[in-house]
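Structural features, examined
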Amino acid sequence: LLFVITLNACGSHKESLSPKKQEKATKKLSLNDFKGDTLLYVQTKILDKKEYYIGKKFEVLLKDLDIPFKRFLYVPNANNIEKVNNTVFEIYSNIEKNNKLQKGEIPINIIVTWQTPLNVIDLYNLDNVNMNKRDEWTPEKEAYFKEQIVGDLSRTNYNLEKYKKK
């Protein structure tokens, strides 16, 4: 009986992917594998594995995401206006976002809570260094953010009823 239980345990172990193999399989997935469903892609590839990214540099997430951001948004902390806890990274332009909402689709944005709050002045300068590219994701912005340490990840949640055409 013990032999049968051991044999069954070994057999079932081979069928399931180890966490490392699952991680590699997920990393290889591209947006095309999700038939262009950006929400499902980001949820599966990034947000469902958020524990993996917590405590790591943001550049790890950027490499795995493989989708460029359009821009970032931030609001200073209520208790200390010189610091920023969270940054919203938008994948869609405002026009694309509004079109998705009107169609009843959720435009995914990634919200990063930083392990160490960022300085407002750094973000202000980064966003205003070139006014012509203020609403663009630039190499300078990527270089700054990729060095920051992720504290938590989430996404924006929209009330789609609010956006439906009447």
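Notes on the structure follow. Note that the structure is a prediction, hence the values are computed from the model and not measured. (Residues numbered from 1 in each chain as written. Predicted model: local features only at pLDDT ≥ 70, side-chain atom pairs only at ≥ 80, totals over all residues. Heavy atoms only, no water.)

1. Some points on the sheet that holds strand S1 (residues 71-74)
One open sheet holds the four strands; their spatial order is S1-S2-S3-S4, and the pairing between them is antiparallel. The sheet is open, and its two edges are formed by S1 and strand S4 (150-155), each paired on a single side. Each adjacent strand pair in this sheet contributes to an overall mean axis angle of 25°, direction not counted. By the bridge criterion, four bridges tie S1 to strand S2 (residues 83-90) in an arrangement that is antiparallel. Bridge pairing in S2 links Phe72 to Phe89. (Pairing = 2+ DSSP bridges. Helix = DSSP H or I, 4+ residues; strand = E, 2+ residues; numbered from the N terminus. Axes fitted to C-alpha atoms, helices over the stretch in contact; angles between N-to-C directions.)

2. Some thoughts on the nonpolar core
Residues Val42, Phe58, Leu65, Phe69, Phe89, Phe145 and Leu153 are the most contacted members of the largest nonpolar core, which totals 30 residues. Looking at this core, the elements with two or more residues in it are helix H3 (38-45), helix H5 (58-65), S2, strand S3 (109-119), helix H7 (120-128), helix H8 (139-145) and S4. Setting aside anything within four residues of it in sequence, one finds Phe69 in contact with Phe58, Leu62, Phe89, Glu90, Ile91, Ile110 and Trp137. (Core = buried A, V, L, I, M, F, W, Y, C linked by side-chain atoms within 4.5 Å. Buried < 20%, exposed > 50% of the residue type's maximum accessible area, 1.4 Å probe, protein only. Contact = heavy atoms within 4.5 Å.)

3. Re unusual backbone geometry
Notably, Lys35 is not glycine yet its phi reads approximately 55°, a positive angle. Positive phi values are uncommon outside glycine, yet Asp66 reaches one of about 60°. As for its placement among the helices and strands, Asp66 is situated in the loop between H5 and S1.

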